[in-house]
Amino acid sequence: FLYLNEGAGFHSVYCDGGDGPPPGVYTALLVAPFLRTPTGSPVAVRKLAVVGLAAGTVPKLYDSLFHPQQMDGIELDPGIVEAGRRYFDMNEPNLNVIIGDGRYEMNRQEGPYDVVILDAYKVPYIPWHLTTVEFFEDLRSKLADDGTVALNVVALPNDRRLVEALAATMREVFPSVHVFNVPWALNNILVATVQETTKENLDVNRALLPDGTPPVLTDALQVASDNYLPTDGEAVIFRDERAPVESIVDSTLLRYLLTAMGMG
């Protein structure tokens with residue numbers, strides 16, 4: 001496991017022997033390409049980008065299941081990349097590791113990407129410049145015509161303001177945004193699509209999987225389908241000129257702590 005900062009949660013996981021990570025946030029991110037409009041053929045991922053590579057759990061999963069021709073992983077900290085190479089077997093030949101800021105480096109890449117995974121949020125360390133309309137506009141320009149972008153964000157009990165704000169912000173750029181809860185965790189997966197899409201696409205594409213598909217994928221898709229969440233669409237929109245991410249996160253944490261102490 002990769003732990004950073006105060007060690008409240010791990011940022012990557014590696015299971016020796018090829019079993020893959022246990023069901024959770026990383027497997028939930030596999031849902032991203034299955035929201036596409038069904039074509040009658042099994043879902044394929046030719047080109048993947050991950051903003052917030054950490055020690056490479058997400059590309060390792062995608063590589064084992066979809067075998068993309070190219071995977072670009074952006075990570076700010078070279079020390080984390082070194083740990084990934086040394087301890088997490090982050091040595092896939094089709095993985096191009098890029099060290100730098102996620103927004104800046106993503107703008108330098110050439111698409112089109114079938115899937116972009118944004119896994120750079122960790123409460124309370126959320127880089128506001130990766131949450132705005134302008135950022136998602138740049139991200140959309142890198143996606144294929146049927147591309148999708150997925151992000152992982154925490155929502156504390158009885159306070160979904162951050163999830164709602166991110167969903168509302170993404171709807172300013174993408175025609176459809178879907179939200180899934182990760183059971184037994186505080187995480188939510190948001191998936192935005194370049195095309196207008198529906199939740200039913202997930203079930204149709206899942207049915208097209210061939211016999212013998214690894215359970216890590218079929219189980220993740222079933223869990224996502226069972227834990228689809230509506231969003232009310234009324235929330236603050238994050239823009240470069242004003243993105244009060246810290247205000248929302250800080251007040252959410254304070255409310256959670258006061259409630260836990262019986263003072264809320």
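The text that follows walks through the structure, step by step, so that each part is easy to find. Counting starts from 1 at the beginning of each chain's written sequence and moves along it residue by residue. Totals for whole chains, interfaces and linings use all residues, but because this is a predicted model, local features are given only for residues with pLDDT of at least 70 and pairs of side-chain atoms are given and counted only at 80 or more. Each side-chain value is derived from all of the structure's non-hydrogen atoms; neither hydrogens nor water enter the calculation.

**Observations regarding the packing of helix α7 (residues 200–207) against helix α8 (residues 215–226)**
In this analysis, axes come from line fits to C-alpha atoms, helices being fitted only over the stretch in contact, and the angle between any two N-to-C directions falls in the range 0 to 180 degrees. Secondary structure elements follow DSSP: runs of H or I no shorter than four residues count as helices, runs of E no shorter than two count as strands, and numbering proceeds from the N terminus. At a closest axis distance of 10 Å, the pairing of α7 and α8 adopts a crossing angle of 155 degrees. In terms of their interaxial angle, α7 and α8 are classed as roughly antiparallel. Helix-helix and strand crossings are classified by hand; for α7 and α8 the assignment is left-handed. Side by side, α7 and α8 meet where Leu202, Asp203 and Arg206 of the first sit next to Thr218, Leu221, Gln222, Ala224 and Ser225 of the second. Any residue outside Ala, Val, Leu, Ile, Met, Phe, Trp, Tyr, Cys, Pro, Asp, Glu, Lys and Arg is labelled polar, Gly included; the first ten of those are nonpolar and the last four are charged. Residues of the contact of α7 with α8, tallied by class, amount to three nonpolar, three polar and two charged. Comment on the angle field: the value is read as roughly parallel under 35 degrees, roughly antiparallel over 145, roughly perpendicular from 65 to 115, and oblique elsewhere. Should the near helix be turned counterclockwise from the far one by less than a right angle, the crossing is left-handed, whereas a clockwise turn marks it as right-handed. Throughout, a residue-residue contact means that at least one pair of heavy atoms, one from each residue, lies within 4.5 Å.

**Let's talk about the pairing of strand β9 (residues 187–193)**
Throughout, exposure labels follow a simple rule: accessible area from a 1.4 Å probe, protein chains only, divided by the maximum for the residue type, with under 20% read as buried, over 50% as exposed, and the rest as partly exposed. Within β9, seven of the seven residues are buried, which leaves the element mostly enclosed by the surrounding structure. Bridge count between strand β7 (residues 143–154) and β9: seven bridges; the pairing is antiparallel. Bridging from a neighbouring strand, Val153 pairs with Asn188 of β9. With six bridges connecting them, strand β8 (residues 176–181) and β9 associate as antiparallel partners. A pair of strands counts as paired when DSSP detects no fewer than two bridges linking them.

**Considering the packing of aromatic side chains**
The way to describe two aromatic rings as a pair is by their centre distance and the angle between their planes. In this analysis, rings of Phe, Tyr and Trp, with Trp reduced to its six-membered ring, are considered paired at centre separations within 6.5 Å, and the interplanar angle assigns stacked below 30 degrees, edge-to-face beyond 60, and tilted for intermediate values. Applying the stated rule across the entire model yields five aromatic pairs. A centroid spacing of 5.2 Å and a plane angle of 80 degrees characterise the contact between Phe180 and Tyr228, whose relative ring orientation is edge-to-face. Within this pair, whereas Phe180 is found in strand β8, its partner Tyr228 is found in strand β10 (residues 228–229), the two being separated by 48 residues in sequence. By way of ring pairs, the aromatic residues Phe34, Tyr62 and Phe66 are connected into one cluster. In this structure, Lys47 is placed above the aromatic ring of Tyr113, and the distance from its NZ or CZ to the ring centre is 4.9 Å. Geometrically, a lysine NZ or arginine CZ counts as sitting over a ring once it is within 6 Å of the ring centre and also within 35 degrees of the ring normal.

**Considering the pattern of salt bridges**
One speaks of a salt bridge when a side-chain nitrogen belonging to Lys or Arg is within 4 Å of a carboxyl oxygen belonging to Asp or Glu. Under the definition given, this model contains 10 salt bridges. We note a salt bridge from Lys60 to Asp89, for which the minimum N-O separation is 3.9 Å. One end of the pair, Lys60, is in helix α2 (residues 57–66); the other, Asp89, is in the loop between α3 (78–87) and β5 (95–99), with 29 residues separating them in the sequence. A relative accessible area of 22% means that Lys60 is categorised as partly exposed. Since its relative accessible area comes to 38%, Asp89 is described here as partly exposed.

**Topic: α7**
Among the residues of α7, Asn201, Leu202 and Asn205 are the ones counted as buried. Along the axis of α7, the buried positions cluster into a sector of 100 degrees, meaning they face one direction only. Residues of α7 that are buried in the fold lie against β8 and α8. Note that the arc is defined by the directions from the helix axis to the C-beta atoms.

**Examining the pairing of β5**
By the bridge criterion, five bridges tie strand β4 (residues 70–75) to β5 in an arrangement that is parallel. Within β5, the residue paired with Ile74 across the bridge is Ile98. Every crossover in which the path from the first strand over the helix to the second runs clockwise, viewed with the strands pointing away from the viewer, is termed right-handed. In terms of handedness, the path from β4 via α3 over to β5 forms a crossover that is right-handed.

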